[in-house]
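Residue-level structural notes
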Amino acid sequence: MADTSKETEIEASKEDLQRLEKALDFSNTMKTFNLNKNNLKVKTQNLLSHSTAGGSFTVDQSLISFMNFVVSSGKTEITLLDKNDIPVHIEDTEKFLDDVSSLYFEVVNDYYNEYQKLKSSRKIEKVLEI
Amino acid sequence: MSRGIIIFAQNNEYINYAEQACACAGYARRNLSLFDEVCLITNSETLQSEEKLINEYFDNVIVSDNFQPENIRLFKDTTDKLDYAPFKNMSRSEVYKLSPYDETLVIDSDYFIMNDILDQVWNSDNDVMINSKYRDISGRHKENIEYIDNFSIPMYWATVFYFKKSDFAENLFTLISHIKHNYKYYYYLYNCSGNLYRNDFAFSMALHILNGSVAFDVPSLPIEYLNNSFDLDDIFRINAYNDVIMYCADAEQVSSHILSRFKDMDVHIMNKKAIERFIDDLLVNGEKA
């Protein structure tokens, strides 16, 4: 009886090993996925920059919402703090809103497409087109 | 207002920096458009050795034969190879005097521009722009601001910076030059580590002093992060003037690598030997259109 239980134990640990191998394999895939996802994120953060009138702005949803409020309040020019907290005078608020929102949609859409590509394939060779 | 991109390069017995600078100039030219010239600052010896190539990739060459004191640096080529060689990086403080441009963007000869974001520096209201935030493409360094020391000041990366001819920039470079000539003193004052003279350290100290030796913010470049590939990484393939696939050293086991693709994203490739292995591809992709 004691021998049988030992055999079962060995059998089980073989299965465990296989499962573990599979999990570790998957962990390698995830490692690659996460690194590439992070690099895409950093790329997006770097591209979401708009410079005008001597200032630089990080383009995000709050800038777009604020500008939308400014434009809908009828203000045609305003002074804004840029990413370095320097006051910058914006002479045409409507154009500025157009520029930042176009940039945002374009960059985030690219991020979405590249992220989908990354997510849809477990094969890094396919994703990176190697 | 004249606008120039300046790259420094001085060859040593280990690395052909002139070739790398040409590749780097090519990438800058292909991806940026709002500048007037790409300019190389080098010494006579380097110019003589690569004159034809340099004239192909640069609009302007400035020769500066200032004496470079011994500054020995460890160069890594992934975990496979280590080498010590002289690092001739001391003329950077002279860039204010040497630059013929009203606005100057200085980039390291291993910084590959692969999008047009840096075109946003021109006509900035800021006299100087430089980054302290960085990202490691392999994700090994979790913090995105490095400090000169745990008890010292934040480090600014002199890899890429912008300045315009102005009192602030002139004073900054005067201070950098002073720090360079009295490096031992400042080295201990700011708790620096390593024996190497680092432009990053000298710039950070000078910015700190110039801002009244208190907490300060220096305007950053339009890019949010400097995208650093450290010398444990390698290049897998160069696809185009805006597209590179890198071997990124695994954070847990640096001798293993993970592939990652960089498209429309600048990369600071610190593994000089990797650049050397792919120099032909880099030069071809940076050729004038």
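Residues numbered from 1 in each chain as written. Chains lettered and ligands numbered in written order. Predicted model: local features only at pLDDT ≥ 70, side-chain atom pairs only at ≥ 80, totals over all residues.

Time to look at the overall build of chain A. Scanning chain A from N- to C-terminus turns up 4 helices and 4 strands. What you see for chain A is a C-alpha radius of gyration of 26 Å, clearly larger than the 14 Å of a compact globule of 130 residues, by over 25%. When its C-alpha atoms are laid out on the principal axes, chain A stretches across 90 × 35 × 25 Å. Taking all 130 residues of chain A together, 20% fall into the buried category. A separation threshold of at least 6 residues defines the contact pool for chain A, and within that pool the share at least 24 residues apart is 59%. (Helix = DSSP H or I, 4+ residues; strand = E, 2+ residues; numbered from the N terminus. Rg over C-alpha atoms; globule rule 2.2 N^0.38 Å. Buried ≥ 20, exposed ≤ 12 C-beta atoms within 10 Å, placed from the backbone. Contact = placed C-beta atoms within 7 Å.)

This part takes up the interface of chain B and chain A. In this assembly, 27 residues from chain B lie in contact with 21 residues from chain A. Looking at the side of chain B that touches chain A, the elements with two or more residues in it are β13 (243-249) and β14 (257-263) of chain B. The element that contributes the greatest number of residues to the side of chain B that touches chain A is β14 of chain B, accounting for 5 residues. Looking at the side of chain B that touches chain A residue by residue, the classes come out as 12 nonpolar, 9 polar and 6 charged. (Nonpolar A, V, L, I, M, F, W, Y, C, P; charged D, E, K, R; others polar.)

All right, on to helix α3 (residues 93-120) of chain A then. All names here are of chain A. Between the first and last C-alpha of α3 there are 40 Å, a value that for 28 residues agrees with the 40 Å anticipated at 1.5 Å per step. Listed in full, the buried residues belonging to α3 are Phe 96, Leu 97 and Val 100. Here the buried face of α3 lies against β1 (49-52), β2 (55-58), α2 (61-72) and β4 (87-90). (Expected span 1.5 Å × (residues − 1).)

Taking 1.5 Å of rise per residue, the 15 residues of helix α5 (residues 167-181) of chain B would be expected to cover 21 Å, and the 21 Å separating its terminal C-alpha atoms lies within 8% of that figure. The inward-facing, buried residues of α5 of chain B abut α4 (95-98), β8 (128-131), β10 (157-164), α6 (183-189) and α7 (199-210) of chain B.

What follows concerns the nonpolar core. Membership of the largest hydrophobic core comes to 100 residues, with the highest contact counts inside it found for Ile 7 and Cys 24 of chain B. Aside from chain neighbours lying at most four places away, what touches Cys 24 of chain B is Ile 7, Ile 107, Ser 109, Asp 110, Tyr 111 and Phe 112 of chain B. (Core = buried A, V, L, I, M, F, W, Y, C linked by C-beta atoms within 7 Å.)

In this section: the sheet that holds strand β9 (residues 134-136) of chain B. All names here are of chain B. Reading across the sheet, the 4 strands line up as β7-β15-β11-β9 and stay open at both edges, with mixed pairing between neighbours. In this open sheet, the two edge strands, each paired with only one partner strand, are β7 (111-112) and β9. Pairing between β9 and strand β11 (residues 226-229): 3 bridges, direction parallel. For Arg 135, the partnering residue across the bridge sits in β11 and is Asn 227. (Pairing = 2+ DSSP bridges.)

With that settled, consider the packing of α5 of chain B against α7 of chain B. Residue and element names in this part refer to chain B. Put simply, α5 and α7 touch, their axes get as near as 9 Å, and they point 125° apart. Looking at the two axes, α5 sits oblique to α7. In the crossing of α5 with α7, the sense of the turn from one axis to the other is right-handed. Contact with α5, carried on its side by Asn 171, Leu 172, Leu 175, Ile 176, Ile 179 and Lys 180, involves Ala 202, Phe 203, Met 205, Ala 206, Leu 207, Ile 209 and Leu 210 of α7 and no other residues of that element. (Axes fitted to C-alpha atoms, helices over the stretch in contact; angles between N-to-C directions. Parallel < 35°, antiparallel > 145°, perpendicular 65-115°, else oblique. Left-handed = near helix turned anticlockwise from the far one by under 90°.)

Residues and elements named next belong to chain B. By the secondary structure assignment, Ser 49 is in helix α2 (residues 44-49). Ser 49 sits 140 residues away from Leu 189 along the chain, and the two C-alpha atoms are 40 Å apart. Each residue touching Ser 49, except ones within four places of it in the same chain, is listed here: Asn 11 and Ala 18.

We now examine the confidence of the model for chain A. In low-pLDDT segments, the atomic positions of the prediction should not be examined closely. Model confidence for chain A is summarised by a mean pLDDT of 88, while 90% of its residues fall at 70 or above. Highest mean pLDDT in chain A belongs to α2 of chain A (97); lowest belongs to helix α4 (residues 124-127) of chain A (77). (pLDDT = per-residue confidence, 0-100.)

Next up on the list: the confidence of the model for chain B. When the pLDDT values of chain B are averaged, the result is 90; 97% of them are 70 or greater. As scored by the predictor, the complex reaches a pTM of 0.89 and an ipTM of 0.80.

It is worth spelling out the sheet that holds strand β2 (residues 37-42) of chain B at this point. All names here are of chain B. Pairing is mixed in the open sheet, where 6 strands are placed in the order β3-β2-β1-β6-β10-β8. At either margin of the open sheet sits one strand with a lone partner, and together these are β3 (60-63) and β8. Pairwise comparison of adjacent strand axes, ignoring direction, gives a mean angle of 20° for this sheet. Pairing of β8 with β10, which is carried by 4 bridges, proceeds in the antiparallel orientation. Bridge assignment links Ile 130 to a residue of β10, and that residue is Phe 161.

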